[in-house]
Amino acid sequence: MAEIEQSMIDEMKDGFPLFDNKGDGKIDGAQLGDVLRSFGLNPSNAEVEKIAKANEGKRLSFDDYLAIHKQVLAQGEVGSYEDFFEGLKLFDKEGTGLISGAELRHVLATLGEKLTEAQVDELMAGGGGQEDAEGNVNYDKFICYALAEAL
């Protein structure tokens, strides 16, 4: 299992009560995605659903949460800048650093962890998804924006 520095454990212990909505020192299993992300992890929605389903209806102590945190941490980061860059670079046929906005929308809605049309619109409306006059998006800027939004 992945090891976590004591300073991070102390920080999580301090923040854990913020998610305790009943005052019993525990959190609902359904809150795991929010808690994991607030403490710096970025599990996929599928991972969160799996973990939440396994802990449905349970109240988890900090020690229970810490074991889950370590498990998710051991699975590693879902996607890095380099992963996304290499993936989108495949659609850059001319090597210009640009891809068609329509193609990017299609990729976001149909490949990998599929986004809804509303999620795609929200992401594309942000600073990184701005299309130029020819309908192209600079995918480097888009990735930077999307990753910053995820944090």
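Everything numeric in this text was worked out from a predicted model, so none of it was measured. (Residues numbered from 1 in each chain as written. Predicted model: local features only at pLDDT ≥ 70, side-chain atom pairs only at ≥ 80, totals over all residues. Heavy atoms only, no water.)

(A) Expanded view of the UniProt feature "domain: EF-hand" (unreviewed entry) in the protein chain. Taking the numbering used here, the UniProt-annotated feature "domain: EF-hand" (unreviewed entry) corresponds to residues 7-42 and 79-114. Here residues 7-42 is 44% helix and 6% strand, with 20 Å between the C-alpha atoms at its ends. (UniProt positions renumbered as here; feature names shortened; annotations may be inferred. Helix = DSSP H or I, 4+ residues; strand = E, 2+ residues; numbered from the N terminus.)

(B) Structural detail: the domain arrangement of the protein chain. Here the protein chain is described as being made up of domain 1 (6-75) and domain 2 (81-150). The gap between the C-alpha centroids of domain 1 and domain 2 is 30 Å. (Domains from an automatic or database assignment.)

(C) Molecular detail of the packing of helix α6 (residues 101-110) against helix α7 (residues 117-125). Two elements in contact, α6 and α7, have axes whose closest approach is 10 Å; the angle formed by their N-to-C orientations is 135 degrees. When the interaxial angle is binned, α6 and α7 end up oblique. The chirality of how α6 crosses α7 is right-handed. In this structure, α6 uses Gly 101, Leu 104, Arg 105, Leu 108 and Ala 109 to contact α7, whose residues at the interface are Val 120, Asp 121, Leu 123 and Met 124. (Axes fitted to C-alpha atoms, helices over the stretch in contact; angles between N-to-C directions. Parallel < 35°, antiparallel > 145°, perpendicular 65-115°, else oblique. Left-handed = near helix turned anticlockwise from the far one by under 90°. Contact = heavy atoms within 4.5 Å.)

(D) Just α6, in detail. When we look at burial in α6, the residues that qualify are Gly 101, Leu 104, Val 107 and Leu 108. Down the axis of α6, the buried side of the element spans an arc of 120 degrees, and every buried residue falls inside it. The opening residue of α6, the one whose side-chain oxygen lies 3.2 Å from the backbone nitrogen of Ala 102, is Ser 100. Trailing α6 by a residue or two, Gly 112 shows a phi angle of about 60 degrees, which is positive. (Buried < 20%, exposed > 50% of the residue type's maximum accessible area, 1.4 Å probe, protein only. Arc of directions from axis to C-beta. Polar contact = N/O pair within 3.5 Å; in protein donor to acceptor, adjacent residues only side chain to side chain.)

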